[in-house]
Amino acid sequence: MTTMTTGTTTTTSTTPTEEATTAPTPLARATALGPRIAAHASRHDADGTFVAEAYDELRAAGLLRAAVPVELGGDGATIRELTALQRELGHHCGSTALASAMHQHVVAFTAWRYRRGLPGAEATLRRIAEEQILLVSTGGGDYTHPHGEAVKVDGGYRVTGRKRFASQSEQGAVMSTMFCFDDPAQGRRVLNMAVPFVSEGVTVADNWDTLGMRGTASNDIDLVDVFVPEEKVLANRPWGVLDPPLQVISSIAFPIVTGAYLGVAEAAYEAAVAAAARRSDDPLVQRQVGVMRARLQVAAWALDGALALVGDDPSPSYDTVLAVMAAKSEVARAGIEVCDLAMEVAGGPAFFRGSVIERCYRDVRAAKFHPFTPEDTLVALGRDALGIEA
């Protein structure tokens, strides 16, 4: 820091390094903008429209580049910090938290690739830092058995298929997606690809009309004979297998996604506690609030434990994936129970559309649809304990 005195005026200049050190963290910025995104949450939920104002706020706060490494123009946020960021957004608007989590985890994995010098990663991260473009993931609907087919052509592939649950599709710039490819030598394969939305043959369907998370614009995307150049194929993996690259993706993505759902459940809890003030001397209400608090505490501990195993720069590990999935399952089950109890505690007013609790009650149920589902998680844990190959 440099101090200059001219006459009776003293000015202090701060070096760029000091500015970076003293700038508000992504979590602090999310907390500050939270009430502004909350103001639009109910309307977008009622209309089933994309939370566009929230994304304006995220861009203005630089949060879409939070996971970009500092040297490339971002915050260099860790997986734990991104999870906390999405959890905070979930306190204000579940749709914003979940939709932007899909962007954040793809950026975080791209940063993981950048640290290993893998092709295309730096260029993508620089675009995110400079333009705050949105990356759209189709991995939740694809995972180990993706939909659609790739055919080899000169210079790349032609791909055709329908992708479901593509959050933020209304504003997406590039989708991180997968297609099946029948390789004459290797057999059935999965190709991970980066496909720009402006590519000829890409169409976003207007079909997102759901119980909850209605503001995420998680529309289907149709790809018909879309050309993908060879350099946009980021991985060639075995079909139907949770292989090492997908283990890393899972270890990065699902804590961040889970943070959004934990934030939604916490929002319902806080609203219920506020509503319960008028009946705070009722032992039943006291017990119900106690159950909610205990379930959220244990769920948070589960997520923290998984994050500790994942670390800042995970290596492929099926054990880590199982820990992440166990934590996600705990948050899903606890979140649904907490939102159910929150509605009971708050009573009739919580049953009306527009109630924070009513919206959380619907939003949190989407937690069960991400791979692994809670039941699939129990099967996977049991198979692993019994020494059955994954």
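See the structure above.
Everything numeric here is computed off the predicted structure, so don't read it as measured data. (Residues numbered from 1 in each chain as written. Predicted model: local features only at pLDDT ≥ 70, side-chain atom pairs only at ≥ 80, totals over all residues. Heavy atoms only, no water.)

Asker: Hey, could you go over the overall build of the protein chain for me, with residue numbers and the actual values?
Answerer: Regarding its fold elements, the protein chain presents twelve helices and ten strands. At 22 Å, the protein chain has a C-alpha radius of gyration in line with the 21 Å of a compact globule built from 390 residues. Dimensions of the protein chain, computed from C-alpha atoms along their principal axes, come out at roughly 75 × 70 × 45 Å. A separation threshold of at least 6 residues defines the contact pool for the protein chain, and within that pool the share at least 24 residues apart is 73%. When the accessible surface of the protein chain is split by element, carbon and sulfur atoms take 56% of a total near 17,400 Å². In the protein chain, 35 positive and 47 negative side-chain charges are present, and the distance between their average locations comes to 2 Å. (Helix = DSSP H or I, 4+ residues; strand = E, 2+ residues; numbered from the N terminus. Rg over C-alpha atoms; globule rule 2.2 N^0.38 Å. Contact = heavy atoms within 4.5 Å. Areas by Shrake-Rupley, 256 points an atom, 1.4 Å probe, with all protein chains shown as cover. Lys, Arg positive; Asp, Glu negative; His and termini not counted. Charge placed at Lys NZ, Arg CZ, Asp CG, Glu CD.)

Asker: Let's hear about the packing of aromatic side chains: which residues, and what values?
Answerer: For the structure on display, the rule yields six aromatic pairs. Taken together, a centroid distance of 5.5 Å and an interplanar angle of 15° make the contact between Phe109 and Trp112 stacked. Here Phe109 and its partner Trp112 are both found in helix H5 (residues 94–115), three residues apart, which amounts to about one turn of the helix. Note on Phe165 and Trp208: the rings are 6.1 Å apart at their centroids and 80° apart in plane angle, and the pair reads as edge-to-face. Of this pair, Phe165 sits in strand S5 (residues 156–166) while Trp208 sits in the loop between strand S8 (202–204) and strand S9 (219–229), and the two are 43 residues apart along the sequence. Given a relative accessible area of 17%, Trp208 falls into the buried group. Taken together, the aromatic side chains of Tyr143, Phe254 and Phe372 make up a single cluster linked through ring pairs. Positioned above the aromatic ring of Tyr157, the side-chain terminus of Lys152 is 5.1 Å from the ring centre. Just above the ring of Phe179 sits the side chain of Lys163; from NZ or CZ to the centre is 4.1 Å. (Phe/Tyr/Trp six-rings, centres within 6.5 Å; stacked < 30°, edge-to-face > 60°. Buried < 20%, exposed > 50% of the residue type's maximum accessible area, 1.4 Å probe, protein only. Lys NZ or Arg CZ within 6 Å of the ring centre and 35° of its normal.)

Asker: Any details on unusual backbone geometry? Residues and values, ideally.
Answerer: Cis rather than trans, the peptide bond between Pro371 and Phe372 has omega equal to -20°. With respect to the helices and strands, Phe372 occurs in the loop between helix H11 (356–363) and helix H12 (374–385). Positive phi outside glycine occurs at Gln168, with the angle close to 70°. Tracing the sequence through the fold places Gln168 in the loop between S5 and strand S6 (174–183). Even without a glycine there, the phi angle at Met213 is positive, about 50°. Relative to the assigned elements, Met213 resides in the loop between S8 and S9.

Asker: Kindly report on the pairing of S5, identifying the contributing residues and their values.
Answerer: Taken together, the five bridges between strand S4 (residues 149–153) and S5 define a ladder with antiparallel strand orientation. Looking at the pairing, Val151 lines up with Arg158 of S5. In terms of strand pairing, S5 meets S9 through eight bridges, oriented antiparallel. Residue Ala166 lies in a different strand from S9, and its bridge partner there is Asn219. (Pairing = 2+ DSSP bridges.)

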